[in-house]
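# Examination of the molecular architecture
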Amino acid sequence: MTGGKFTQHVHDLGYLTGRSLHRVLVRLSTLYGDNQLLEDHDINILEGDSSFILSSLPFSTTSSTPLLLRTLFSTLFQFFLSLPSRYIAWWTSLLHSDPLHVLVETLLIVMCIALVLLQRRTDWKFRMERKKGAPTVEEEEELISEWKMEKRMALGAAVVVVGGRRRGRGGGEDVRLEEKSLGESTLIVDKIEGSKLFFVSGDSKLSASSSSSSELGVAEVSTIAGSSSSSSNDTSEQNSNIPSAINFATFDYLSSSSSHTLRKVAKHALAHYGCGSCGPRGFYGTIDAHLEVEDAMSSFLHADAAILYSDGASASTSTVAAFAKRGDLLIVDEGVHEALLVGVTLSRANVRYFRHNNVKDLRRVLEKVAAQDALIQRKPTDQRRFLVVEGLYRNYGTICPLDEIVKLKEEFHYRLILDDSYGMGCLGKNGRGTLEHYGLRPMRHAEIVTFSLENALGSVGGMTVGNEEVVDHQRLSGAGYCFSASAPPFLSKVCLASVRRLEGKMDEMMKEIKGGGEDDVVPKDRNLSESTAAAAGDWEVNYNEMTVANLKIELKKRGLGVTGRKAELQERLKDFLTATANDDKSASTSIDELSGPALLERLHQNVGHLYRTLTNPSHPHALKLRNRLVITSHPQSPVIYLRLSDDEAIGRTQHEQISILDRISHYCLTVGKVAIVSTGGHVKRYLQLVPEPGLRMVVNVSQTLEDVEMLVKALGDAVESALGDAAESALISQ
Amino acid sequence: MCNTNTTKSKQYLSPVAASTLANTYDDSCSSDNDGVPTPLPASPHSSAPPSPRGSVIGSLGDNANISTATATATTTTAAAKKASSSLLAAHDDDDARGRLRLVSKINYSRREGDDPYADVRERMEALSLRDKSRHVYHCQSETQPQDDDDEGSEKNNFMVATPSSHHEITIFAAITTYLGYVVLIVTGHIRDVCANIFRKGRYFRSQSTTATTPNPPGHYPSDDFTKYAPLLKSWENFYTRRLYHRIQDCFNRPIASRPSAIISVLERVSFDGNKTMSVLGKLSNLEDEKIALSYQMGQHYDTTPDGRVVRKCLNLGSYNYLGFADDWDVTCRKDVMGSLDNLPSSVGSSRLEFGTTTLHRRVETIVASFVGKEDALVLNMGFNTNATIIPTLTARGDLIVSDELNHTSIVNGARASGAAIRTFRHNDASNLEFILREAIVYGQPRTRRPWNRILVVVEGIYSMEGEYCNLRNVVTVCKKYGAYVYLDEAHSIGAMGPTGRGCCEYTGVDPADVDILMGTFTKSFGGMGGYVAADRRIIAELRRECAGSAYHNSLSPVVCQQIISSFQVIMGKDGTLIGSQKLNALRDNSNYFRMRLTDMGLHVLGNYDSPIMPVMLYNPTKIAAFSRECLKRGLAVVVVGFPAVPILMSRARFCISAGHTREELDRALKELDEVADLLKLRYARSTFG
């Protein structure tokens, strides 16, 4: 249609309106007697309708207000009356000349009105209905009090377990042990030394249940005032009274917890940094120790960058949730541990699970996704896609077949999120984790590698390594990084020392610490009577600068011969001192001397040894386990899981199985003096696949052959006491 | 003169008054009371050091003074009442100021010697009382009847001179802020387009190069965007690249010291236009001698023992509320070092297995007795405590009603729990009541089954607002409707209340009425980790069922010892008064700083007695400018931008510590005054800042 006509019409409408307004104006001005306006302005406009105005002119001189108003109103009234007719005239002419325009415009207007009105109408309707159906205030009060009195559940009461697919024997039933049978759960560790855990002394405390533990606490409160240093002195004297057990329980593969060098590092760092960091990383909680350990770790693992979290579990959780968002796709091994699974849940991405460590099933799932892609013509680049696996599975002790998974991931173009919390520092020749175990590299084969520093590395916290993009993104999006206080700097230093230990550069680090010498700085206002300092001073006798007399005194003190020349005396004293120093340290700190690949080799030897002993058919104690407990973990895994064999498990409910295993672990602890963990009673509601109840043993480097013998003997005895003699039970079953 | 109808104020020491909100009034009055109608709060615990004023006056050995006869307390109370109202007007009113001085002479002369804030004590206390009466006890003094002209005028002054604690963003600021973002975004897009055209740029990832060279160094299979979706979505990535990286130097500043009152901020440089920041290190790393000289000439230039360049700054950003980072050597060092004799820095096992040491149990007993609960559970990380406790307490079929400004950890925990989540307006108990009422009456959506449990989650101090929780009303409402209360005291424990027992103590709520008390040790205690305290039955359940206890590794024993040592100091069990001194100093420092900031005409959020004070900046450009200007002047401040706060509400946040001295704060205030002029920040005074 022609635009010119439309403009013409608009112009016409405007002209008409303008003319009418002008007329009113002129009329008004006449009423006020200002004839000037009438004369000055274009008189022609008035031609058509001038009679009315002119007729009213004579009154203007004698005008009174009512009259003036009346005329004003009549004019306005007339004008408004004429508006519709004029509009109709304009509209009809428009309709004639440009019908399409009119149609469109009308439709638009109708739509607008409809939208506005209909919207409101439904709203009203909704509200009215709500009001009609709503309970009265009295009824509401009744409902509320009823709910409060009867329907409300207590906080901390049994939670209905929802979700979580259960497979495997007896997996379907939800076992809820009212009386926690985990004997070790209430054990309180008082000291860790070598491969041994020392518990708080006293039989009552050993068997203290969680309910009575608070009474124990009350007793402790009174002794809080006594400083811990005095109590530590006591414990060293009472060592014989303290029940101890060989540690097969904590994930402390490299025995970092009993390493004296690491403790020294911790002390040194504490002296410099104090304890806490008092802020999140963003707000002055970044301390140079954090940057240092991030650098060290990224270079150790041959990654571009690393990011440090203050908690291992939240590292896993936050890493997954930082990258996968709604609409993305996660293919997850169903055996992943809780923290990783929470990350998967929080990401709100689409999740598909594949069977634990089952590459075939993974392929099936991946192909299914690919088939769906083809069906709906979705490109793989439309969606971020990740495979989520663990390196060494915490709950199974199995090692992920990463080589095959990497092949699949490259074939189907997925990125790999690897949680190596339990494999880092124990798998691979240099302890670089599962990737090294398979000869793979971070970033190239696994885009995102996250792991906890709490297991092998003896620190607290977690890390994620990857390329710069991966790491930098988490610095803004990793919830556990952004919104949580950073790790205490001394823990970062401990982690750094652990990394150096794995690299075999521990000596350099210790030299630095010695160079700094801040460990020995004694604050002025408090006299530090650290027993370690005193001990250190004792064997650092400066024999080179001693006089002969002093040398003799020193030698006599130690019951050595005092004859000979000065050099001989010095030599003798020196030999003795170094020998005793070694004697003192050899028991506990031989581990400290190991570092780098040697350390890992020791660990792998220990793993192999334990595995061989357990499966040795000619071993008298291992024989007792035969056909009753089976090993379900990977032969190279330092985390060893035992479960009841099929023969034993059949005919027993899961509850019974758990209590048998609990009894075994309790027996091991109390009689065999070996700490192992029975995992059956653990909470299950956070897991996708609930593992079968089992016994968990963790190998560490400080365990000796005797320790392993003790473990196997304790296990054998425990199994016999819990399940009865093998021959007997065989007879009964027959 | 005794004016009972006008002195409808509450007596400090009345335990009866503590039980109700604002209904009971005490008719007691004192000799010099001329009827100033400021209602005064009731003391929460009659046994605790009773008046907030009492607790702050004495910095040393004042406990005896505090717990002396009630009669004197009443007298001073009445005087303070007068002072509180007249002082509020004092800022504008010379006459009032004159009178004020008189009052202060009478009441506070005795302590002037050791009180660094003696000259402003009156006003600080009055302001703190005002905020407390408003936000804790909800008494509106304006409704009091008046029969004296003089008093009336004073009351009017009081009303006028009282700035509203809820600042709205001015239209000018809103427009310029939006404009700022528009400019930034448009510029960013232009730069992106240019980078694409010229195939060059900091962020230009050469996707096409993979075709020419199959495996260039630094290139990984997943960089091939023909097969992989980009790892980062465009907007997130755009925000990071074009907005965040521009001001990256204001965040994540590394320090080379303890987070004490004076920190050494490591100098950083960027060689790629702020894309990455690297620590400068030694001065010799600089090639240009002129620049090196300019560093050396800097007023706050310093070096670490190994030669790295640092800037000595006053720390206004760390959560070192009680200053344990400052005097760590005196207060905690010995015991913390001693803990390493027997125990390692990490046990490597979960709490449920072998991760419980004597120290963990000790911390738990102390925490339980400190906050007034039967038992407590200590977990490794504050964030994780929330994120694992809430899913253990609630499950599908439960309802979590959460304050809209709650911390991410609470949000994460609530989301992971599977429970339904509703939010109520920040600190609005009536909105909470409405939501609870409707939830109970209508039950679960669709099925209309009743909710199994309703858990109301609030925080003690909101870390981005500096406001304390409206706990009294929240608890009243929750009790009425039978909802459980979960109080996150991450920032308030150890920092609020006369003895540092947190929000409950401050607001006078019985800890028994709060079902779950959660808190962290990162802030006031200079440690790490979090606790949850509740009835023994609940804690026993949590120990068994909570992922943080069953799966996650336990807190470092060394940190446990740090917590124990700091608790001993706070509770005075170390045999010194350091703890109470710290608490008093924290309160005084923060009230003084807040008062002076408000006087400057800045938009200061939050309430008196809270150590966190956000100052509104609004404009995105001012975030960086403020931070850089402050750093230049030797102040380490925290600025907060978009992801953490709403896009319009960029702010700077000061966290005051007991380790600060008045001289340091005065210096900071002087510098801030300059910066405020420079950046036009006085939004409370004028629309245009």
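See the structure shown above.
A short tour of the structure in this document, coming up.

Cut-offs used in this document
Residues numbered from 1 in each chain as written. Chains lettered and ligands numbered in written order. Predicted model: local features only at pLDDT ≥ 70, side-chain atom pairs only at ≥ 80, totals over all residues. Heavy atoms only, no water. Helix = DSSP H or I, 4+ residues; strand = E, 2+ residues; numbered from the N terminus. Buried < 20%, exposed > 50% of the residue type's maximum accessible area, 1.4 Å probe, protein only. Contact = heavy atoms within 4.5 Å. Areas by Shrake-Rupley, 256 points an atom, 1.4 Å probe, with all protein chains shown as cover. Expected span 1.5 Å × (residues − 1). Polar contact = N/O pair within 3.5 Å; in protein donor to acceptor, adjacent residues only side chain to side chain. Salt bridge = Lys/Arg side-chain N within 4 Å of Asp/Glu carboxyl O. Pairing = 2+ DSSP bridges. Axes fitted to C-alpha atoms, helices over the stretch in contact; angles between N-to-C directions. Core = buried A, V, L, I, M, F, W, Y, C linked by side-chain atoms within 4.5 Å. Phe/Tyr/Trp six-rings, centres within 6.5 Å; stacked < 30°, edge-to-face > 60°. Lys NZ or Arg CZ within 6 Å of the ring centre and 35° of its normal. Disulfide = S-S within 2.5 Å.

## Things to note about the overall build of chain B
Check the secondary structure of chain B and you find 25 helices and 17 strands. Residue burial in chain B is summarised as follows: out of 689 residues, 65% are buried. Taking the contacts inside chain B whose residues are at least 6 apart along the sequence as the reference set, 72% of them involve residues at least 24 apart. Entry remark: accessible area of chain B is about 24,100 Å², with carbon and sulfur atoms responsible for 55%.

## Description of the overall build of chain A
Within chain A, the regular secondary structure consists of 30 helices and 16 strands. Burial analysis of chain A (734 residues in total) assigns 50% to the buried set. Expressed as a percentage of contacts within chain A between residues at least 6 apart in sequence, the contacts between residues at least 24 apart total 70%. Looking at chain A as shown, the accessible area adds up to about 33,600 Å², and 56% of this sits on carbon and sulfur atoms.

## Overview of helix α15 (residues 359-376) of chain A
Residues and elements named next belong to chain A. Between its first and last C-alpha atoms α15 spans 26 Å; for 18 residues at 1.5 Å apiece the expected length is 26 Å, and the two agree. Every buried residue of α15 is listed here: Val359, Asp361, Leu362, Val365, Leu366, Val369 and Asp373. Close packing links the buried residues of α15 with β6 (329-333), β7 (350-354), β8 (385-390) and α16 (402-412). Measuring from the backbone nitrogen of lysine 360 back to the side-chain oxygen at the start of α15 gives 3.1 Å, which picks out asparagine 358 as the cap. Positive phi appears at glutamine 377, one or two residues downstream of α15, with a value of about 55°.

## Section: the pattern of salt bridges
Summed over the entire model, instances satisfying the criterion amount to 57 salt bridges over all chains. Two residues, lysine 267 of chain A and aspartate 341 of chain B, come together in a salt bridge whose shortest N-O distance is 3.1 Å. Pair noted here: lysine 267 of chain A is in helix α10 (residues 260-273) and aspartate 341 of chain B is in helix α13 (residues 333-342), and the two residues belong to different chains. Residue lysine 267 of chain A is classed as buried on the basis of its relative accessible area of 8%. Look at aspartate 341 of chain B and you get buried, because its relative accessible area is 19%. Connected through salt bridges with shared partners, the residues Glu629, Lys632, Arg633, Arg667, Glu671 and Glu674 of chain B form a single ionic network.

## Details of the interface of chain B and chain A
Contacts between the two partners involve 133 residues from chain B, matched on the other side by 148 residues from chain A. Across the contact surface, chain B and chain A share six salt bridges. At the junction of chain B and chain A, the tally comes to 40 residue pairs in polar contact (both at pLDDT 80 or more). No other element matches the eight residues that α13 of chain B contributes to the side of chain B that touches chain A. Pairing between strand β4 (residues 286-287) of chain A and strand β1 (residues 254-255) of chain B: two bridges, direction parallel. For threonine 286 of chain A, the partnering residue across the bridge sits in β1 of chain B and is proline 254 of chain B.

## Comments concerning the sheet that holds strand β10 (residues 454-459) of chain B
Residues and elements named next belong to chain B. Taken in spatial order, the seven strands line up as β7-β13-β12-β11-β10-β8-β9 in an open sheet, and their pairing is mixed. Bordering the open sheet on either side are β7 (375-379) and β9 (420-424), each of which pairs with just one other strand. Across the sheet, the axes of successive neighbouring strands diverge by a mean angle of 20°, strand direction being ignored. Of the strand pairs in this sheet, β7 and strand β13 (residues 530-534) are connected by five bridges, and their pairing is antiparallel.

## What about the nonpolar core?
Residues and elements named next belong to chain B. Among the nonpolar cores identified, the biggest contains 163 residues, and Phe593, Leu597 and Phe626 are the most heavily contacted of them. For this core, the leading source of residues is helix α22 (residues 557-570), giving eight residues. Aside from chain neighbours lying at most four places away, what touches leucine 597 is Leu602, Val604, Met613, Val615, Phe654, Leu669 and Leu672.

## Let's talk about the packing of aromatic side chains
Scanning the model with the defined rule gives 18 aromatic pairs over all chains in all. Taking the centre distance of 5.4 Å and the plane angle of 55° together, the rings of phenylalanine 79 of chain A and phenylalanine 80 of chain A count as tilted. On the basis of relative accessible area, phenylalanine 79 of chain A is assigned to the buried category, the value being 13%. Note on tyrosine 468 of chain B and tyrosine 506 of chain B: the rings are 5.0 Å apart at their centroids and 55° apart in plane angle, and the pair reads as tilted. Of the two residues, tyrosine 468 of chain B sits in the loop between β10 and α18 (471-481) while tyrosine 506 of chain B sits in helix α19 (residues 503-507), which places them 38 residues apart along the sequence. Assessed through its relative accessible area of 2%, tyrosine 468 of chain B is described here as buried. One aromatic cluster is present, formed by Phe370, Phe521, Phe525, Tyr531 and Phe567 of chain B through successive ring pairs. Positioned over the ring face of phenylalanine 324 of chain B is lysine 582 of chain B, at 4.3 Å from the centre of the ring. When the ring centre of tyrosine 608 of chain B is taken as origin, the NZ or CZ atom of arginine 594 of chain B, which lies over that ring, is 5.8 Å away.

## Comments concerning the state of the cysteines
For the structure shown, the criterion picks out zero disulfides over all chains. Not engaged in a disulfide, the cysteine cysteine 495 of chain A finds its nearest cysteine sulfur in cysteine 426 of chain A; these two sulfurs lie 15 Å apart. Note on cysteine 560 of chain B: no disulfide assigned, nearest cysteine sulfur contributed by cysteine 275 of chain A at a separation of 9.7 Å.

## Observations concerning unusual backbone geometry
Residues and elements named next belong to chain B. A positive phi angle, close to 60°, is found at asparagine 427, a residue other than glycine. Tracing the backbone shows asparagine 427 in the loop between β9 and α17 (429-442). Notably, arginine 448 is not glycine yet its phi reads approximately 60°, a positive angle. You can see arginine 448 is positioned in the loop between α17 and β10.

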